[in-house]
Amino acid sequence: MPSIERIDPETLAPAPGGRYAHVVRAGNLVWIAGQTARNAAGELVGPGDALTQSRQIYQNLRAAMESVGGGLEHLTKVTIYLTDEAHTGASRQAQDEYVAAYPAPASTMVIVKALARPEYLVEVEAFAVLPG
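Now for a look at the structure at hand. A quick note: this is a predicted structure, and the numbers were derived from the prediction, not measured. (Residues numbered from 1 in each chain as written. Predicted model: local features only at pLDDT ≥ 70, side-chain atom pairs only at ≥ 80, totals over all residues. Heavy atoms only, no water.)

Right, let's get into the pattern of salt bridges. Counted under the stated rule, the structure contains two salt bridges. One salt bridge in this structure joins Arg55 and Glu97, with 2.7 Å as the shortest N-O distance. Of this pair, Arg55 sits in helix α1 (residues 50-66) while Glu97 is found in helix α2 (residues 88-99), placing the two residues 42 residues apart along the sequence. Given the relative accessible area of 28%, Arg55 is considered partly exposed. Assessed through its relative accessible area of 41%, Glu97 is described here as partly exposed. For Arg117, the salt bridge is made with Glu119, and the minimal N-O distance between the two is 2.5 Å. Judged by relative accessible area, Glu119 falls into the partly exposed class, the value being 27%. (Salt bridge = Lys/Arg side-chain N within 4 Å of Asp/Glu carboxyl O. Helix = DSSP H or I, 4+ residues; strand = E, 2+ residues; numbered from the N terminus. Buried < 20%, exposed > 50% of the residue type's maximum accessible area, 1.4 Å probe, protein only.)

We now examine α2. In this model, α2 (12 residues) spans 16 Å end to end at C-alpha, consistent with the 16 Å of a helix rising 1.5 Å per residue. Next to the buried residues of α2 lie α1, β4 (75-82) and β5 (106-111). (Expected span 1.5 Å × (residues − 1). Contact = heavy atoms within 4.5 Å.)

Considering all chains together, one arrives at two aromatic pairs under this definition. When the ring of Tyr58 is compared with that of Tyr98, the centres are 6.1 Å apart and the planes differ by 20 degrees; the resulting orientation is stacked. Linking Tyr58 in helix α1 with Tyr98 in helix α2, this pair joins segments that are 40 residues apart in sequence. Each member of the pair, Tyr58 as well as Tyr98, is classed as buried. (Phe/Tyr/Trp six-rings, centres within 6.5 Å; stacked < 30°, edge-to-face > 60°.)

Among the secondary structure elements, Gln95 is positioned in helix α2. Among all residues touching Gln95, those that are not within four sequence positions of it are Tyr58, Val78, Ile80, Ala100, Pro105 and Ser107.

Here we come to the sheet that holds strand β3 (residues 29-35). The sheet built from six strands is open, its strands ordered β1-β2-β3-β6-β4-β5 with mixed pairing. Both outer strands of the open sheet, β1 (4-7) and β5, are each paired with one neighbouring strand and no more. Taken pair by pair, the neighbouring strands of this sheet meet at an average axis angle of 10 degrees, ignoring direction. Bridging between β3 and strand β6 (residues 122-129) involves five bridges; their strand directions are antiparallel. Pairing of Ile32 across the sheet is with Ala126, part of β6. (Pairing = 2+ DSSP bridges. Axes fitted to C-alpha atoms, helices over the stretch in contact; angles between N-to-C directions.)

What follows is the structure, encoded as structure tokens:
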């Protein structure tokens, strides 16, 4: 049985507190906690702008994958949470900008009433499989 590694990369925002890990790895399986548009300093990027927030989220997903020696090409499943259906196009555009060169991950999009903070418009969690 592979050991379980919990990782909070310095390239991502500080953990929000409590029992939390941005990334969990067991062997070649990787789970990435829901990422919002916070940069490594913990600052919100793109207040009120779903496209800018989505782009920051994919940068965060890339940083999370790099922390385990992988990349966005290893994503196998993403779940996208939007606070408004109107953000769908922006979310899809950002996803295309960052992962269109790779095989598409399985994807679920959910419209929710709210996220953890009212200024968050988009959140994405992911699952990946590393080679080997």
